[in-house]
Number of protein chains: 2
Amino acid sequence: MSYRAPVKDMLFDIRHLAGIDQIAQLPGFEEAGFETAQAVLEECAKFNEGVVAPLNVAGDLQPSSWKDGVVTTTPGFKDAYKQYAEGGWQGLQHPTDFGGQGLPKTIGAACGEMLNSANLSFALCPLLTDGAIEALLTAGSDELKATYLEKLVSGEWTGTMNLTEPQAGSDLSMVRSRAEPQPDGTYKVFGTKIFITYGEHDYGGNIVHLVLARIPGAPEGVKGISLFVVPKFLVNKDGSLGARNDVHCVSIEHKLGIKASPTAVLQYGDKGGAIGYLVGQENRGLEYMFIMMNAARYAVGVQGIAVAERAYQKAAAFAKERVQSRPVDGSVNASATIIHHPDVRRMLMTMRALTEGCRAMATVAASAYDAAHHHPDAEVRKQNQAFYEFLVPLVKGYSTEMSLEVTSLGVQVHGGMGFIEETGAAQYYRDSRILTIYEGTTAIQANDLVGRKTARDGGQTAQAIAAQVEKTEGELARRSSADAKAVAKRLGAARKAFLDVVAFIAQQGKASPNAAFAGSVPYLLLTGNLVAGWQLARSLMAAEDLAAKGEDVDFMKAKVATARFYADHILTRVPAARDAIVDGADSVMALPQEAF
Amino acid sequence: MSYRAPVKDMLFDIRHLAGIDQIAQLPGFEEAGFETAQAVLEECAKFNEGVVAPLNVAGDLQPSSWKDGVVTTTPGFKDAYKQYAEGGWQGLQHPTDFGGQGLPKTIGAACGEMLNSANLSFALCPLLTDGAIEALLTAGSDELKATYLEKLVSGEWTGTMNLTEPQAGSDLSMVRSRAEPQPDGTYKVFGTKIFITYGEHDYGGNIVHLVLARIPGAPEGVKGISLFVVPKFLVNKDGSLGARNDVHCVSIEHKLGIKASPTAVLQYGDKGGAIGYLVGQENRGLEYMFIMMNAARYAVGVQGIAVAERAYQKAAAFAKERVQSRPVDGSVNASATIIHHPDVRRMLMTMRALTEGCRAMATVAASAYDAAHHHPDAEVRKQNQAFYEFLVPLVKGYSTEMSLEVTSLGVQVHGGMGFIEETGAAQYYRDSRILTIYEGTTAIQANDLVGRKTARDGGQTAQAIAAQVEKTEGELARRSSADAKAVAKRLGAARKAFLDVVAFIAQQGKASPNAAFAGSVPYLLLTGNLVAGWQLARSLMAAEDLAAKGEDVDFMKAKVATARFYADHILTRVPAARDAIVDGADSVMALPQEAF
């Protein structure tokens with residue numbers, strides 16, 4: 001089997017870090033306790049291991065192709081997607097009102113990880129559909145909801161996000177696509193959109209494009225952008241598909257990775273204008289888009305965890321099989337499997353600890369999201385919302401940057417074989433390379449963390465997190481185990497460095513924006529590192545307690561060892577980043593532009 | 001122009017860090033002063049910029065191909081190789097006795113960097129020929145030398161290194177190819193060799209394979225391996241090409257990168273035995289192979305610097321051209337080129353500082369090599385040899401690991417465009433990924449650094465280097481500039497951390513090999529980081545002095561700014577690595593194998 005879903009690890013996090021039993025006490029989640037989580041995850045594992053994962057290599061070897069405006073996906077993908085939709089997987093987290101299952105994000109995120117581990121390229125279509133659903137739920141009129149939501153939630157139709165234009169990437173103020181109002185209340189949309197994931201495909205149904213465009217006379221910049229639904233096929237009153245709309249795929253990109261996922265250039269309005277429907281109010285498009293982007297950013301963070309998990313599994317399997325050289329400790333008097341070698345072990349532990357750390361962070365973020373949306377107490381909702389929003393750039397930024405490190409180590413563990421495409425380790429290395437770029441580069445996430453999430457409240461949310469970390473340190477220090485004490489020490493050093501940086505960012509944010517933003521990405525990575533390490537420290541305590549009760553002792557010991565490794569080898573990076581951010585801001589901008 | 005050779009930077013290092021004027025005082029290098037260096041580098045730049053660099057993309061799009069045992073290289077490569085040979089570039093560093101130019105490695109290494117920046121795939125053929133020349137010079141009989149050396153040095157024939165077999169990668173003790181002695185003193189060679197770079201091609205001439213194989217009855221393990229010359233065509237007495245030998249290319253690999261470079265599977269002896277000639281003495285093959293590998297390891301380190309330089313140039317050019325978003329400091333009241341943004345600047349500075357740091361280290365290592373081979377005083381030769389040998393695993397390991405970081409940042413600077421293959425940034429990311437693997441993985445380099453270079457002499461060479469670093473710190477601290485003082489501080493912290501680690505490695509090497517080797521790669525990276533940072537600190541002082549004299553002030557200021565950035569942002573990683581190595585050794589091996 002090429003992928004085995006880490007159901008046990010996921011359930012451990014869901015139960016002991018995210019507190020699924022508390023989530024099940026929230027209104028609307030009464031059915032969503034541990035047993036539901038277990039049942040859903042096991043079913044999801046079966047589907048992804050059996051149906052989706054086996055298509056991953058084929059998607060790389062035989063990518064989506066374009067001919068005369070028609071995109072043909074990799075053989076097998078269409079059928080797998082049909083099974084995905086029929087299995088009800090698209091609706092997992094979506095409201096029961098529109099045919100969804102209304103499960104917590106805490107459970108949905110784990111399912112999302114499995115789908116992405118199985119096949120990043122395949123998973124992108126559902127990921128974008130989720131975004132479209134989110135946008136329509138938030139800002140769509142009742143009519144738009146009635147027309148589109150049920151079919152999107154069932155997976156019969158798919159969704160896309162159309163932001164980027166050749167001159168407008170990270171900078172959406174430069175969007176030029178235009179939408180001209182028509183007497184019947186619709187709009188005619190004109191323009192070119194690029195990098196549109198699953199902008200065209202052959203899965204059937206309709207493609208519901210959510211498109212940013214300007215209405216003539218709208219203000220300049222981001223405050224003059226509106227959001228439109230532009231379906232590939234117009235929808236008849238009875239819900240059936242009508243005429244082809246004037247949006248056409250003029251090419252797809254030749255990419256480094258995720259090759260099975262068609263990345264379309266879409267041309268709107270070349271034959272008179274594509275009919276579009278305004279979502280919400282005029283000129284508030286970016287605001288709505290951010291809602292769907294926040295969901296998508298979290299989901300891309302999960303993609304990072306997912307590809308890291310799969311790269312780890314492949315590397316670990318290889319290391320247990322490949323025989324090469326004698327162990328340095330003399331434990332075997334002949335060439336042995338390479339997992340005996342300390343550096344191979346270091347690489348595997350690094351891969352494992354980073355993956356588990358980011359999963360723990362993402363799972364806890366998901367539970368905050370669930371509480372922020374379902375808790376009866378407004379104050380608790382607010383706190384959870386602030387915590388979740390602080391974590392989104394970390395989940396997106398840190399987990400995806402981490403996936404570059406993990407997939408690179410995955411190649412390295414394979415030695416020369418890793419560089420040969422047939423081995424498969426290189427695909428993860430290539431696929432993951434988009435994750436730190438799309439849905440906002442790591443720098444865009446870091447800007448969000450610095451500006452909206454740290455400087456705006458003067459560092460309050462950040463300090464509240466540090467206080468919680470400190471509480472965990474105290475709990476660790478009171479334990480008798482050497483592991484807990486060692487982790488407490490590293491966590492404390494990291495927290496103090498974090499607080500220094502938060503103070504620096506909060507202070508410099510306005511006084512010297514270049515200095516604050518020069519350290520933005522290191523600040524994001526440092527903070528993600530701390531939060532992931534903190535969650536692994538919590539998992540260490542839970543695991544020690546369960547092991548003491550005799551529950552699944554080997555598994556619990558592995559949890560402890562992984563948390564300890566993380567603290568020793570990864571949390572130790574934090575103080576170095578503090579020095580670079582706080583003392584090194586000036587040297588980032590010291591060289592004049594002409595000197596580059 | 002897709003690549004502009006950094007001749008000025010190279011000459012700065014050659015003059016002010018490597019001391020070319022001192023090298024020109026060594027016997028045999030009388031002609032090799034600064035002016036020669038300048039003339040050679042300028043000519044070399046012209047050739048590589050004009051002829052070799054433009055073929056780099058073609059090599060990726062239209063890789064070498066195999067059909068019926070024949071390998072066809074990318075169109076244009078054969079002609080460019082002809083020009084390379086005719087230009088006398090293959091013989092640059094080789095003895096004049098065999099038609100070479102006998103120039104110092106200090107100059108040759110810079111030329112090697114240019115060739116590799118221009119085209120890693122193309123450069124591999126000369127790189128392997130260099131290795132074959134080295135092996136024959138060291139251990140070949142007069143007859144072998146007479147038959148092969150002149151044609152290899154002129155580039156008319158090419159060379160290969162045949163070590164790897166399917167079961168024998170890093171572990172050469174498992175080599176199974178065999179060589180049966182014949183009554184005429186030759187051998188018949190049988191076996192399968194894999195991953196043979198330029199093992200077959202269409203450049204013409206002969207291919208001189210240097211092959212590791214066992215003679216029947218030889219001892220088990222690495223002490224029973226001999227080295228053979230097995231030419232593709234037997235050579236007639238008059239030096240002309242004779243019969244085809246029984247070595248055949250049965251396939252080439254489909255790789256992640258360096259696609260134009262054919263990676264051959266070679267089958268020896270399927271038609272009765274390939275005729276081979278013993279190099280040196282029986283069973284000493286590994287020893288000879290190490291000589292050629294040490295040259296090749298240094299050269300692969302230079303490949304890392306080369307691809308980093310090219311990735312940097314591409315990213316810097318893009319950042320000065322691409323317009324996106326307003327600067328955070330309000331310096332431009334509209335969307336501006338992305339080089340205005342602090343995080344883009346941080347990425348470019350990181351790429352630049354790492355590249356310059358590794359180049360400085362490699363250039364100084366080359367000058368030590370030159371002194372080790374040409375200095376009249378045996379004691380000076382010995383010291384330089386020890387220093388050079390300590391640096392080889394750093395040049396190889398650190399520069400190549402650094403190239404992974406730099407080429408990844410290169411993709412990131414390009415945003416979404418970086419993921420599109422047409423942009424070209426992705427090629428560097430893919431090409432560089434082999435560099436930490438071939439000619440000994442980073443772990444193999446680290447084993448060499450830990451075992452032969454550190455533990456064996458109880459850390460003496462390492463401590464001698466630390467003492468030199470400390471001397472540089474003193475020189476920096478006595479300067480008036482804030483930059484020099486800041487660099488002194490970071491260098492001091494890094495040196496102290498280095499000494500802690502050296503003591504740990506020297507002490508644990510025998511007592512607890514797992515603990516010592518668990519930190520081997522972090523130790524290598526930390527040490528490479530320190531040595532590169534130290535050389536940039538020296539370059540800062542030279543640049544300050546020259547700027548004070550009014551010499552090329554902008555260039556010198558950029559040198560100072562880059563050294564300062566390195567100290568603030570990269571040297572700061574060293575203490576973190578110390579903590580992980582010294583305190584974290586146990587957690588590397590804590591998880592039992594079954595738990596992976």
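Residues numbered from 1 in each chain as written. Chains lettered and ligands numbered in written order. Predicted model: local features only at pLDDT ≥ 70, side-chain atom pairs only at ≥ 80, totals over all residues. Heavy atoms only, no water.

Draft legend 1. Geometry of the UniProt feature "domain: Acetyl-CoA dehydrogenase-like C-terminal" (unreviewed entry) in chain A. Mapped onto this numbering, the UniProt entry gives "domain: Acetyl-CoA dehydrogenase-like C-terminal" (unreviewed entry) at residues 467–592 of chain A. Secondary structure over residues 467–592 of chain A splits into 86% helix and 0% strand, and the C-alpha atoms at its two ends are 41 Å apart. (UniProt positions renumbered as here; feature names shortened; annotations may be inferred. Helix = DSSP H or I, 4+ residues; strand = E, 2+ residues; numbered from the N terminus.)

Draft legend 2. Quick look at the relation of the copies chain A and chain B. Mapping chain A onto chain B calls for a rotation angle of 180 degrees and an axial translation of 0.0 Å; the resulting RMSD is 0.0 Å. Here the two chains are linked by the operation of a two-fold rotation axis. Within chain A, the C-alpha atom positioned nearest to the axis of rotation is that of Ala576 of chain A, 3.0 Å from it. Counting the interface residues of chain A, we find that 100% of their copies in chain B are interface residues as well, pointing to one common contact surface. (Least-squares fit on C-alpha atoms with pLDDT ≥ 70 in both. Contact = heavy atoms within 4.5 Å.)

Draft legend 3. Quick look at the environment of Asp60 of chain A. Residues and elements named next belong to chain A. Take Asp60: it is sitting in helix α4 (residues 56–61). Discounting chain neighbours no more than four positions away, the residues touching Asp60 are Lys259, Glu421, Gln427, Arg430 and Asp431. Of note is the side chain of Asp60, whose polar atom sits 2.5 Å from the side chain of Arg430. (Polar contact = N/O pair within 3.5 Å; in protein donor to acceptor, adjacent residues only side chain to side chain.)

Draft legend 4. Main features of the nonpolar core. Ranked by internal contacts, the top residues of the largest apolar core, which has 382 residues, are Leu348 and Tyr523 of chain A together with Leu348 and Tyr523 of chain B. Discounting chain neighbours no more than four positions away, the residues touching Leu348 of chain B are Phe596 of chain A together with Tyr312, Ala315, Ala316, Ala319, Ile339 and Val413 of chain B. With 17 residues, the next largest nonpolar core counts Ala179, Val230, Ile252 and Leu266 of chain A among its residues. (Core = buried A, V, L, I, M, F, W, Y, C linked by side-chain atoms within 4.5 Å. Buried < 20%, exposed > 50% of the residue type's maximum accessible area, 1.4 Å probe, protein only.)

Draft legend 5. Region of interest: the packing of helix α14 (residues 460–477) of chain B against helix α15 (residues 482–511) of chain B. All names here are of chain B. In contact at an axis separation of 9 Å, α14 and α15 are set at 165 degrees when each is read in the N-to-C sense. Between α14 and α15, the crossing angle belongs to the class labelled roughly antiparallel. For α14 against α15, the interelement crossing comes out left-handed. Residue-level contacts link Ala462, Gln463, Ala466, Val469, Glu470, Thr472, Glu473, Leu476 and Ala477 of α14 to Ala484, Lys485, Val487, Ala488, Leu491, Gly492, Arg495, Phe498, Leu499 and Val502 of α15. Of the residues assigned to the contact of α14 with α15, the class counts are twelve nonpolar, three polar and four charged. (Axes fitted to C-alpha atoms, helices over the stretch in contact; angles between N-to-C directions. Parallel < 35°, antiparallel > 145°, perpendicular 65-115°, else oblique. Left-handed = near helix turned anticlockwise from the far one by under 90°. Nonpolar A, V, L, I, M, F, W, Y, C, P; charged D, E, K, R; others polar.)

Draft legend 6. Up close: the UniProt feature "domain: Acyl-CoA dehydrogenase/oxidase N-terminal" (unreviewed entry) in chain A. In the numbering used here, UniProt assigns the feature "domain: Acyl-CoA dehydrogenase/oxidase N-terminal" (unreviewed entry) to residues 75–156 of chain A. The annotated region residues 75–156 of chain A carries 68% helix and 0% strand content, and the separation between its end C-alpha atoms amounts to 19 Å.

Draft legend 7. Fine view of the interface of chain A and chain B. Taken residue by residue, the interface counts 90 residues in chain A and 90 residues in chain B. Of the roughly 7600 Å² buried at the junction of chain A and chain B (both faces included), carbon and sulfur atoms supply 61%. Considering only the side of chain A, the residues that lose the most area to chain B are Phe419, Tyr429 and Phe596 of chain A, jointly responsible for 11% of the buried surface there. Inspection of the chain A/chain B interface yields four salt bridges. (Buried area = accessible area lost by both parts, 1.4 Å probe. Salt bridge = Lys/Arg side-chain N within 4 Å of Asp/Glu carboxyl O.)

Draft legend 8. Main features of the pattern of salt bridges. Enumeration over the complete set of coordinates arrives at 59 salt bridges over all chains. A salt bridge links Glu356 of chain A to Arg352 of chain A, with the nearest nitrogen and oxygen atoms 3.6 Å apart. Placement of the pair is Glu356 of chain A and Arg352 of chain A together in helix α10 (residues 342–374), with a separation of four residues, close to one helical turn. The buried category is assigned to Arg352 of chain A, whose relative accessible area is 9%. Ionic contacts of the salt-bridge type, sharing partners, join the residues Arg490 of chain A together with Asp500, Arg578, Asp579 and Asp583 of chain B into one network.

Draft legend 9. Local environment of the domain arrangement of chain A. When cut into domains, chain A gives domain 1 (7–153), domain 2 (158–283) and domain 3 (443–587). For domain 2 of chain A versus domain 3 of chain A, the distance between C-alpha centres works out to 41 Å. (Domains from an automatic or database assignment.)

Draft legend 10. The pairing of strand β11 (residues 263–268) of chain A, seen in detail. Residue and element names in this part refer to chain A. Most of β11 is tucked away, with six of its six residues classed as buried. Side chains Thr263, Val265 and Gln267 project from β11 onto one buried face, and the interleaved Ala264, Leu266 and Tyr268 project onto a second face that is buried too. The pairing of strand β5 (residues 187–197) with β11 spans five bridges and is classified as antiparallel. Across the sheet, Thr197 pairs through a bridge with Thr263, a residue of β11. (Pairing = 2+ DSSP bridges.)

Draft legend 11. Quick peek at unusual backbone geometry. We note that Ile258 of chain A has phi near 35 degrees; this positive angle belongs to a residue other than glycine. Relative to the elements of secondary structure, Ile258 of chain A occurs in the loop between β10 (247–252) and β11. Judged by relative accessible area, which is 3%, Ile258 of chain A ranks as buried. For Asn283 of chain B, which is not glycine, the phi dihedral falls at a positive 65 degrees. Take Asn283 of chain B: its relative accessible area is 24%, and that puts it in the partly exposed class.

Draft legend 12. Structural detail: helix α6 (residues 105–118) of chain B. In a regular helix each residue adds 1.5 Å, so 14 residues correspond to 20 Å; α6 of chain B covers 19 Å between its end C-alpha atoms and thus fits that length. Counting buried positions along α6 of chain B yields 13 of 14 residues, so the element is predominantly enclosed. (Expected span 1.5 Å × (residues − 1).)

Draft legend 13. Seen up close, the packing of aromatic side chains. Under the defined criterion, the tally for this structure stands at 31 aromatic pairs over all chains. An angle of 65 degrees between the planes, with centres 5.1 Å apart, marks the rings of Tyr369 of chain A and Tyr388 of chain A as edge-to-face. Of the two residues, Tyr369 of chain A is situated in helix α10 and Tyr388 of chain A in helix α11 (residues 378–413); the sequence distance between them amounts to 19 residues. In this pair, the class of Tyr369 of chain A matches that of Tyr388 of chain A, namely buried. For the ring pair Phe47 of chain B and Tyr84 of chain B, a centre distance of 6.3 Å and an interplane angle of 40 degrees mean the geometry is tilted. Here Phe47 of chain B, found in helix α3 (residues 34–52), pairs with Tyr84 of chain B, found in helix α5 (residues 77–86); they are 37 residues apart in sequence, far enough to count as distant. Taking the ring centre of Phe190 of chain B as reference, the NZ or CZ of Arg178 of chain B above it sits at 4.4 Å. (Phe/Tyr/Trp six-rings, centres within 6.5 Å; stacked < 30°, edge-to-face > 60°. Lys NZ or Arg CZ within 6 Å of the ring centre and 35° of its normal.)

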